[in-house]
Amino acid sequence: MEDIKSIVAKNISELRQANKMTQLELAEKLNYSDKAVSKWERAESSPDISVLVEIADLFGVTLDYLVKAEHTEEATAEDAVTEKKPEKKYNRRAIAYISESGGWLVAILAFIITSLIVGKMSFQFLYFVYALPVVLIVKLVFNSIWFNPRHNYYIISLLMWSILAAIQITFLYFKINVALIYLLGIAGQIVIFLCSFISKPKRSSK
């Protein structure tokens, strides 16, 4: 009879590859090191039951699937990807993109309405300046919930600079130059850069 470690190793490897995920990406989702995942897939060690449950939930399979050598009556790893995973990812990205575009739609609507009321072009361009930080905030929220949290540092950087730019452009409209405000951006960028190296400690495999 095939060793249980070898069965689990084979199933984890197949599911990971079917989902086009690297060992590092899987490790980050489970808060383990990529070395631990590598050991699991080589059957040198095996994750404990709580981690197996996490892996099963992540790939949309049952716990039995991970510990059985044959899956004749269950969905294969490829089936799990083609039938469930892409649809889920597609819907999430669609929702995120639609929500982000909502900020631009509101800015366009406000631009049209105020242009019709005022009858001339003056401050209306500011709607688009303010829309960018709003869109980035929405993007940050969805990325934190559904996508790769490591990308939050890039989004936060863009958000910070867009807010500073919006402040300067607003003051410039009133003929006030506040370019020195970008010094705050430099300090903030340094803080964001340092924070990007702070991550939750990776758990090691027993």
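See above for the structure.
So, how was this worked out
One numbering rule holds for all chains: residues counted from 1, following each sequence as written. In keeping with the model being predicted, local features are shown solely for residues with a pLDDT of at least 70 and side-chain atom pairs are shown and tallied solely at 80 or more, while totals for entire chains, interfaces and linings include all residues. With hydrogens and water stripped out, all remaining heavy atoms of the structure feed into the side-chain values. Here a helix means four or more residues in a row that DSSP labels H or I, a strand means two or more in a row labelled E, and each is numbered from the N terminus. What a helix is expected to span follows from its residue count: subtract one and scale by 1.5 Å. Whether two residues are in contact is decided by their heavy atoms, any of which lying within 4.5 Å being enough. One speaks of a salt bridge when a side-chain nitrogen belonging to Lys or Arg is within 4 Å of a carboxyl oxygen belonging to Asp or Glu. Accessible area is worked out with a 1.4 Å probe on protein chains only. A residue is then buried under 20% of its type maximum, exposed over 50%, and partly exposed in between. In this analysis, a patch consists of residues with relative accessible area above 30% that form no salt bridge, clustered at 9 Å for like charges and at 5 Å for the nonpolar side chains Val, Leu, Ile, Met, Phe, Trp and Tyr. All accessible areas in this document rest on Shrake-Rupley with a 1.4 Å probe, and a residue is counted as covered only by the protein chains that are shown. Stacked, edge-to-face and tilted are the three classes for Phe, Tyr and Trp ring pairs, Trp counted by its six-membered ring, which pair at centre distances within 6.5 Å; planes under 30 degrees apart are stacked, over 60 edge-to-face, the rest tilted.

Turning to helix H10 (residues 182-195), a few remarks are in order. With 14 residues, H10 should cover 20 Å at 1.5 Å per step; its first-to-last C-alpha distance of 20 Å lies within 8% of that length. Residues of H10 that are buried in the fold lie against helix H9 (152-173).

Let us look at the pattern of salt bridges. Scanning all chains against the criterion turns up four salt bridges. A salt bridge links Lys 10 to Glu 14, with the shortest nitrogen-to-oxygen separation between them at 2.9 Å. Separated by four residues within a single helix, Lys 10 and Glu 14 lie in helix H1 (residues 4-18), roughly one turn from each other. The partly exposed category is assigned to Glu 14, whose relative accessible area is 33%. For the salt bridge of Glu 41 with Arg 16, the shortest nitrogen-to-oxygen distance reads 2.5 Å. Placement of the pair is Glu 41 in helix H3 (residues 34-41) and Arg 16 in helix H1, with a sequence separation of 25 residues.

What follows concerns a nonpolar patch on the surface. Side chains of Phe 125, Ile 163, Ile 167, Phe 171, Tyr 173, Phe 174 and Ile 176 sit close together on the surface and give an oily, nonpolar patch of about 590 Å² of accessible area. Mapping Ile 167 onto the fold places it in helix H9.

All right, on to the packing of aromatic side chains then. All told, the structure shown has seven aromatic pairs when counted by the stated rule. An angle of 75 degrees between the planes, with centres 6.2 Å apart, marks the rings of Phe 123 and Tyr 127 as edge-to-face. For Phe 123, a relative accessible area of 28% puts it in the partly exposed group. Look at Phe 142 and Trp 146: their rings are 5.4 Å apart centre to centre, the planes differ by 45 degrees, and that puts the pair in the tilted class. Linking Phe 142 with Trp 146, this pair stays in helix H8 (residues 126-146), spanning four residues, or about one helical turn.

Turning to H9, a few remarks are in order. The end-to-end C-alpha separation of H9 is 31 Å, in line with the 32 Å expected for 22 residues at 1.5 Å each. Among the residues of H9, Asn 152, Ile 155, Ser 157, Leu 159, Met 160, Ser 162, Leu 164, Ala 166, Gln 168 and Thr 170 are the ones counted as buried. Where H9 is buried, its residues touch H8 and H10. Where H9 ends, the next residue or the one after it, Lys 175, has phi of about 65 degrees, a positive value.

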